Amino acid sequence: MKQKIIIANWKMKLNIKESLELAREYAQKFADEAATGGKEIAVCPANIALREAKDIFAPSAVKIGAQNVFWEEQGAFTGEISVTMLEEAGCQYVIIGHSERRQYLLENYEMAHLKLKTVLDHSNIIPIVCVGESLKEKESDRRDYVIIDQIQQTFGGVQILSQQQVIIAYEPIWAIGTGQVIKPADADTMHEIIHAALVDLFGIDVINKQFRIIYGGSVDSANVSDFSQLDNIDGLLVGGASLKAEDFYKIVKGI
Ligand code: 13P
């Protein structure tokens, strides 16, 4: 059994003060490893709150991640943030290719591929690569094809060293922030498909030892138990329901 990981993505929903207040509540709830029930907990706040949030989390079991990274290591790239900066700020995780960035900033899987390579080649940060289909793709029965294609574009030609860890988040776009939850059995099937596509690229040993496949999209404290019995789900990526410490705590307990 892989250690389950539950990741909070605070998106751009909190200002700095609110982020730090919530960080304090998280640090209290997850004061030590025992409070997490043996699960790994990570929070991805806005970049501007990263350093201070990291200090707040330091005595607790909460780890910190970023919501994005640029694919070049350094240079004239106004407004971007490098993997070295994230590592300096104490990040252990970074989200790559979130569908909101694909939608609003026109990011594509070629960019996700470059980001993934930079993170793996130049840092010890664990990438959290997002994949997921739109409603249109789902309804036209192209879901499996779309997901496999996203994985191949992102991971094709990438080398994973034996000590490296990777997380894939399956986040169907139609389920993000909509309250429309995937049927758990459906999520389980998609995770199997993702697993198989990754095995094709890296082999079963690497996937079983170094990859975790997590689910994201309208998970909350009421529906989390639906995901707890599924064999292929190694954790959760939580948006809206991570904005209240008590709700997130219940999700961690419930998975
Ligand atoms: P919601 O949990 O708000 O649906 O967001 C999911 C998500 O996008 C996490 O990255």
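Note that the structure is a prediction, hence the values are computed from the model and not measured. (Residues numbered from 1 in each chain as written. Predicted model: local features only at pLDDT ≥ 70, side-chain atom pairs only at ≥ 80, totals over all residues. Heavy atoms only, no water.)

**As for the overall build of the protein**
Logical step 1: On a plain count of helices and strands, the protein comes out with 11 helices and 8 strands.
Logical step 2: Expected size for 255 residues packed as a compact globule is a radius of gyration near 18 Å; at 17 Å, the protein falls within 12% of this value.
Logical step 3: Projected onto the principal axes, the alpha-carbon positions of the protein cover approximately 45 × 45 × 35 Å.
Logical step 4: Within the protein, the proportion of its 255 residues that are buried is 53%.
Logical step 5: Considering only contacts in the protein between residues 6 or more positions apart, those separated by 24 or more positions represent 73%.
Logical step 6: With the model as given, the accessible surface of the protein reaches about 11,800 Å², and the carbon-plus-sulfur share is 49%.
Logical step 7: Averaging the locations of the 25 positively and 35 negatively charged side chains of the protein gives two centres separated by 4 Å. (Helix = DSSP H or I, 4+ residues; strand = E, 2+ residues; numbered from the N terminus. Rg over C-alpha atoms; globule rule 2.2 N^0.38 Å. Buried < 20%, exposed > 50% of the residue type's maximum accessible area, 1.4 Å probe, protein only. Contact = heavy atoms within 4.5 Å. Areas by Shrake-Rupley, 256 points an atom, 1.4 Å probe, with all protein chains shown as cover. Lys, Arg positive; Asp, Glu negative; His and termini not counted. Charge placed at Lys NZ, Arg CZ, Asp CG, Glu CD.)

**Here we look at the packing of helix α7 (residues 143-155) against helix α8 (residues 184-202)**
For any two helices packed against each other, one specifies the inter-axial angle together with the distance between the axes.
Logical step 1: α8 packs onto α7 with a crossing angle of 40 degrees between their chain directions and a minimal axis gap of 10 Å. Crossing handedness for the pair α7 and α8: right-handed. Contacts between α7 and α8 involve R143, D144, I147, I148, I151, Q152 and F155 from the first element and D186, M190, I193, I194, A197, L198, L201 and F202 from the second.
Logical step 2: Residue classes in the contact of α7 with α8 are distributed as 11 nonpolar, 1 polar and 3 charged. (Axes fitted to C-alpha atoms, helices over the stretch in contact; angles between N-to-C directions. Left-handed = near helix turned anticlockwise from the far one by under 90°. Nonpolar A, V, L, I, M, F, W, Y, C, P; charged D, E, K, R; others polar.)

**What about the UniProt feature "active site" (unreviewed entry) in the protein?**
Logical step 1: In this structure's numbering, the residues bearing the UniProt feature "active site" (unreviewed entry) are H98 and E171. For the annotated residues, spread through 74 residues, the largest C-alpha to C-alpha distance comes to 8.5 Å, consistent with a single compact locus. Looking only at the residues we just named, the largest pocket is lined by H98.
Logical step 2: Take H98: it is sitting in the loop between β4 (93-96) and α4 (99-104). (UniProt positions renumbered as here; feature names shortened; annotations may be inferred. 1 Å grid on protein atoms, 1.4 Å probe; cavity = no way out; pocket = protein on both sides within 12 Å on 5 of 7 lines; lining within 4 Å.)

**So, the side chain of S82**
Logical step 1: Note that S82 resides in the loop between β3 (62-66) and α3 (83-88).
Logical step 2: Relative accessible area serves as the criterion here: at 7%, S82 is assigned to the buried category.
Logical step 3: Polar contacts involving the side chain of S82 include one to the main-chain amide nitrogen of M85, which spans 3.1 Å.
Logical step 4: Excluding anything up to four places from it in sequence, S82 contacts V69, E72 and E73. (Polar contact = N/O pair within 3.5 Å; in protein donor to acceptor, adjacent residues only side chain to side chain.)

**Side note on the site of the ligand**
Logical step 1: Neighbouring residues of the ligand: N9, K11, H98, E171, A175, I176, G177, G217, S218, L237, G239 and G240.
Logical step 2: In this structure, an oxygen atom belonging to the ligand sits 2.6 Å away from a main-chain N or O atom of G177.
Logical step 3: Between the ligand and G239 there is a distance of 2.9 Å, counted from an oxygen atom to a backbone nitrogen or oxygen.
Logical step 4: Across the complex, the protein chains shield 97% of the 310 Å² of accessible surface that the ligand would expose by itself. (Near = heavy atom within 4 Å.)

**Structural notes on the environment of E100**
Logical step 1: Summarising the element assignment, E100 is placed in helix α4.
Logical step 2: Measuring from C-alpha to C-alpha, the distance between E100 and T84 comes to 24 Å, with 16 residues separating the pair along the chain.
Logical step 3: Not counting residues within four places of it along the chain, the set of residues in contact with E100 comprises K11, L105 and I176.
Logical step 4: A distance of 2.8 Å separates the side chain of E100 from the side chain of K11, its partner in a polar contact.

**Description of the layout of surface pockets**
Logical step 1: Here the largest pocket defines a volume of roughly 420 Å³.
Logical step 2: Lining of the largest pocket is provided by 14 residues; of these, K11, M12, Q67, N68 and R101 occupy positions nearest its centre.
Logical step 3: With 3 residues, the single largest contributor to the lining of the largest pocket is α4. (Points joined across faces, edges and corners; volume = space filled by probe spheres on them.)

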